[in-house]
Amino acid sequence: MKLRFREDGPLVIDLPAGSRFVLNGEEHVLQKPKLALCRCGRSGNKPFCDGSHKNYGFRAAAGELELG
Ligand code: FES
(Lines give C-alpha, C1' and ligand atoms only; values in the text may rest on other atoms or scores of the structure.)
Protein backbone atom coordinates (compact mmCIF):
# COMPACT_ATOMS: atom_id res chain seq x y z
CA MET A 1 0.00 0.00 0.00
CA LYS A 2 1.26 3.45 -0.87
CA LEU A 3 0.37 6.69 0.89
CA ARG A 4 0.94 9.92 -0.99
CA PHE A 5 1.40 13.25 0.74
CA ARG A 6 0.25 16.00 -1.57
CA GLU A 7 2.21 19.21 -1.46
CA ASP A 8 0.32 21.59 0.86
CA GLY A 9 -2.54 19.10 0.99
CA PRO A 10 -3.93 15.83 2.26
CA LEU A 11 -2.62 12.34 2.71
CA VAL A 12 -4.01 10.26 -0.16
CA ILE A 13 -4.53 6.51 -0.34
CA ASP A 14 -5.23 5.17 -3.83
CA LEU A 15 -7.80 2.40 -3.84
CA PRO A 16 -10.24 1.08 -6.43
CA ALA A 17 -13.60 2.88 -6.48
CA GLY A 18 -16.09 0.72 -4.65
CA SER A 19 -13.57 -0.32 -2.01
CA ARG A 20 -15.01 -0.68 1.45
CA PHE A 21 -13.60 0.76 4.62
CA VAL A 22 -14.75 0.89 8.21
CA LEU A 23 -14.64 4.17 10.12
CA ASN A 24 -15.44 4.03 13.82
CA GLY A 25 -17.27 0.76 13.34
CA GLU A 26 -19.37 1.97 10.40
CA GLU A 27 -18.81 0.52 6.94
CA HIS A 28 -18.50 2.88 3.95
CA VAL A 29 -17.98 2.44 0.22
CA LEU A 30 -15.51 4.65 -1.66
CA GLN A 31 -17.15 6.64 -4.43
CA LYS A 32 -13.80 7.73 -5.87
CA PRO A 33 -10.62 5.70 -6.45
CA LYS A 34 -8.88 7.42 -3.55
CA LEU A 35 -9.25 8.32 0.06
CA ALA A 36 -7.98 11.80 1.01
CA LEU A 37 -7.27 12.29 4.69
CA CYS A 38 -6.78 15.69 6.29
CA ARG A 39 -3.35 16.51 7.62
CA CYS A 40 -3.82 20.27 8.10
CA GLY A 41 -6.33 19.97 10.96
CA ARG A 42 -8.82 22.39 9.36
CA SER A 43 -11.27 20.03 7.69
CA GLY A 44 -14.88 20.28 8.74
CA ASN A 45 -15.27 16.61 7.83
CA LYS A 46 -12.36 14.94 9.67
CA PRO A 47 -10.71 12.61 9.12
CA PHE A 48 -11.37 13.41 5.46
CA CYS A 49 -9.99 16.36 3.53
CA ASP A 50 -12.70 18.81 2.49
CA GLY A 51 -10.39 21.25 0.68
CA SER A 52 -10.15 23.65 3.65
CA HIS A 53 -6.34 23.46 3.58
CA LYS A 54 -6.44 25.81 0.56
CA ASN A 55 -8.05 28.55 2.64
CA TYR A 56 -5.54 28.46 5.49
CA GLY A 57 -2.21 28.51 3.73
CA PHE A 58 -1.29 25.03 4.89
CA ARG A 59 2.28 24.21 3.92
CA ALA A 60 3.80 20.74 3.86
CA ALA A 61 6.15 18.87 1.59
CA ALA A 62 4.98 16.26 -0.86
CA GLY A 63 6.09 12.69 -0.33
CA GLU A 64 5.28 9.03 -0.41
CA LEU A 65 5.23 6.27 2.16
CA GLU A 66 5.12 2.69 0.99
CA LEU A 67 3.99 -0.04 3.36
CA GLY A 68 4.64 -3.72 3.07
S1 FES B 1 -5.65 18.58 4.28
FE2 FES B 1 -7.38 19.20 3.20
S3 FES B 1 -8.70 20.02 4.69
FE4 FES B 1 -6.94 19.41 5.81
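Check the entry above for the structure.
A. Representation of the packing of aromatic side chains in the model. Counted according to the given criterion, the structure contains 1 aromatic pair. Directly above the ring of Y56 sits R42, whose terminal nitrogen or CZ lies 4.1 Å from the centroid.

B. Expanded view of the environment of C38. Considering the arrangement of structural elements, one finds C38 in the loop between β5 (34-37) and β6 (63-66). As for C38 and S52, which are separated by 14 residues in sequence, their C-alpha atoms are 9.0 Å apart. The residues touching C38, leaving out its near neighbours within four places in the chain, are S43, P47, F48 and C49.

C. Structural context of the environment of H28. Here H28 shows up in strand β4 (residues 26-29). Spatially, the C-alpha atom of H28 lies 9.2 Å from that of G18, the residues being 10 residues apart in sequence. In this structure H28 touches S19, R20, F21 and L23, once residues within four positions along its chain are discounted. From its side chain, H28 meets the backbone oxygen of E26 in a polar contact 3.5 Å long.

D. Just a positive patch on the surface, in detail. A contiguous patch of positive charge, built from R6, K32, K34 and K54, is present on the exposed surface. Structurally, K54 can be placed in the loop between β5 and β6.

E. How the structure looks around the nonpolar core. If you look at the biggest cluster of nonpolar residues, it comprises 7 residues: L3, L11, I13, F21, L30, L35 and F48. Leaving out residues up to four positions away in the same chain, L35 has contacts with L11, V12, I13, F21, L30 and F48.

Conventions used here
- Throughout, residues of each chain are indexed from 1 in the direction in which the sequence is written.
- In keeping with the predicted nature of the model, local features appear solely for residues at pLDDT of at least 70, side-chain atom pairs appear and are counted solely at 80 or more, and the whole-chain, interface and lining totals rest on all residues.
- Excluding hydrogens and water, the side-chain figures rest on all heavy atoms present in the structure.
- The pairing test for Phe, Tyr and Trp rings, Trp by its six-membered ring, is centres within 6.5 Å, and the orientation test on the planes gives stacked under 30 degrees, edge-to-face over 60, and tilted for anything in between.
- The rule is short: NZ of Lys or CZ of Arg within 6 Å of the ring centre and within 35 degrees of the ring normal puts a charge over the ring.
- Each helix is a run of DSSP H or I of at least 4 residues and each strand a run of E of at least 2, with the numbering of both proceeding from the N terminus.
- Contact definition: two residues touch when any of their heavy atoms are within 4.5 Å.
- Here a polar contact means two N or O atoms within 3.5 Å. Within protein one must be a hydrogen donor candidate and the other an acceptor candidate, and residues neighboring in sequence count only if both atoms are side-chain atoms.
- Candidate patch residues must exceed 30% relative accessible area and have no salt bridge, after which like charges are joined if within 9 Å and Val, Leu, Ile, Met, Phe, Trp or Tyr side chains if within 5 Å.
- Note on areas: Shrake-Rupley with a 1.4 Å probe; residue coverage comes only from the protein chains shown.
- Any carboxyl oxygen of Asp or Glu within 4 Å of a side-chain nitrogen of Lys or Arg constitutes a salt bridge here.
- In this tally, Asp and Glu contribute negative charge and Lys and Arg positive charge; neither His nor the terminal groups of the chain are included.
- Note that the charge is assigned to NZ on lysines, CZ on arginines, CG on aspartates and CD on glutamates.
- Here, the term nonpolar core denotes a set of buried Ala, Val, Leu, Ile, Met, Phe, Trp, Tyr and Cys residues that are joined through side-chain atoms within 4.5 Å.
- Three exposure classes are used, based on accessible area relative to the maximum for each residue type with a 1.4 Å probe and protein chains only: buried under 20%, partly exposed in between, and exposed over 50%.

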